[in-house]
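Okay, here's what each chain looks like letter by letter:
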Amino acid sequence: MTDSILSKAATMEIPINSNGDSRTAEDDSLEQGAQIGGSLDEIVGTLPVNMDLQQVMVSGPNLNETSIVSGGYGGAAEGIIPTSSIKDIRFKSRGITPSHSATSRIENQPGHYPAPNMHHSNSNPTMMSEEAAKGVAVEKFDSVKKWSINTYKCTKQMFSERFGRGTKTVDMELEAQIDVLRETKMKYEHILRLARELTNHFYNMVQTQQALGDTFADLSQKSPELQDEFGYNAETQRLLCKNGETLLGAINFFVSSINTLVNKTMEDTLMTIKMYENARLEFDAYRADLEELSVGLRDAAAMVRIEMAQQQYQIHKDKYERLHSDVSIKLKFLEENKVKVMHKQLLLFHNAVSAYFAGNQQQLEQALRQFNVKLKPPGSDKPSWLEEQ
């Protein structure tokens, strides 16, 4: 049937109208159909120029079963033009019968790409970053809000205690131990300050004795008539300088131990005591808040506030009791450590000072060996030549 159609088209005469135009009414209707389906280029694209017409015609079923429906005004199918009819009209205007396989080959051409979904690729990272920023802002706001409420309650409780209107939780035994510790720390700081002053003065005296001994030794070489006298004094000053360095090592060890006891061990216990006192203030503040809410009205909103206050009260009560226990334990261990350390250091200080001023060099060295005090070699305090550069 296709061959007969092509043969008729080859032998048919083309009529000429009055205007010299060779187009017929059928061509005009086909052109109008092609104009209606002009937007098809945006969806399907154009066919390759070198496509085999015969292959396109026989590659699949014809799509000309669907016709263009153009009902009257107000009809059921008014203005509805199926896509298959638009494709059929456009291909007929070119003398080509389209097929499903041809359409699929057009869509699979290397230059044909589906439109990407830009909405998800652009919106998801932005939405995630905005949600993360909102989460951080909400978290900061909650922390500031909690801090403000806690600060207000504690300040109110502190002023109430100062002016005698509020009640305060007091453990008399623990408070007495804390007062003793603070007083002891002040006294030990005074001992430490005096021991450092003694170290500085004694160091200067040892340096003076060393310089004096060197001067006596030099004059002993340059004054033959007083050589023996200068020699005796030079030897005495050198011996005193050596014993002074030994005593200086014992005093330095004493100062170091007292400094560790005061500024580390006692200070650590006092830091725990400070945390305990803050926890006690918070506990009393939330306890007073709960008592104030309990004596008020008992409506639904008040019961919710009372329940929340009860929860906060229990949290701060647990914290207060935990720190109370920590302070009691640390005070006990601090007292034991203080007695042990001071017994050793006071005995060392007494033996070293007594041996030095008695002129007993052997007893002085024995006292240092007894307490495992290692002396620095002479000249170790001086900086090296590299540090002086």
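Quick note: structure is the one above.
Residues numbered from 1 in each chain as written. Predicted model: local features only at pLDDT ≥ 70, side-chain atom pairs only at ≥ 80, totals over all residues. Heavy atoms only, no water.

**Quick notes on the overall build of the protein**
So, point 1. Counting secondary structure elements, the protein contains twelve helices and zero strands.
So, point 2. Of the regular secondary structure in the protein, the N- to C-terminal order runs α-α-α-α-α-α-α-α-α-α-α-α.
So, point 3. Residues classed as buried in the protein amount to 27% of the 389 residues present.
So, point 4. Of all intrachain contacts in the protein linking residues separated by at least 6 positions in sequence, the fraction that spans at least 24 positions is 77%.
So, point 5. Summed over its atoms, the accessible surface of the protein is roughly 27300 Å², and 57% of this surface lies on carbon and sulfur atoms. (Helix = DSSP H or I, 4+ residues; strand = E, 2+ residues; numbered from the N terminus. Buried < 20%, exposed > 50% of the residue type's maximum accessible area, 1.4 Å probe, protein only. Contact = heavy atoms within 4.5 Å. Areas by Shrake-Rupley, 256 points an atom, 1.4 Å probe, with all protein chains shown as cover.)

**Some details on the side chain of E282**
So, point 1. Its location among the elements puts E282 in helix α9 (residues 227-294).
So, point 2. A relative accessible area of 12% means that E282 is categorised as buried.
So, point 3. Among all residues touching E282, those that are not within four sequence positions of it are N150, C154, H316 and K319.

**Some points on a nonpolar patch on the surface**
So, point 1. On the surface, M158, F159 and F163 cluster together into a nonpolar patch covering about 310 Å² of accessible area.
So, point 2. Among the secondary structure elements, F159 is positioned in helix α7 (residues 118-162).
So, point 3. Assessed through its relative accessible area of 44%, F159 is described here as partly exposed. (Patch = residues over 30% accessible without salt bridge, like charges linked within 9 Å, V, L, I, M, F, W, Y side chains within 5 Å. Salt bridge = Lys/Arg side-chain N within 4 Å of Asp/Glu carboxyl O.)

**Thoughts on the pattern of salt bridges**
So, point 1. Per the counting criterion, the structure on display carries 14 salt bridges.
So, point 2. For the salt bridge of D268 with K330, the shortest nitrogen-to-oxygen distance reads 2.9 Å. With D268 in helix α9 and K330 in helix α10 (residues 300-358), the pair connects residues that are 62 residues apart, well separated along the chain.
So, point 3. A relative accessible area of 29% means that K330 is categorised as partly exposed.

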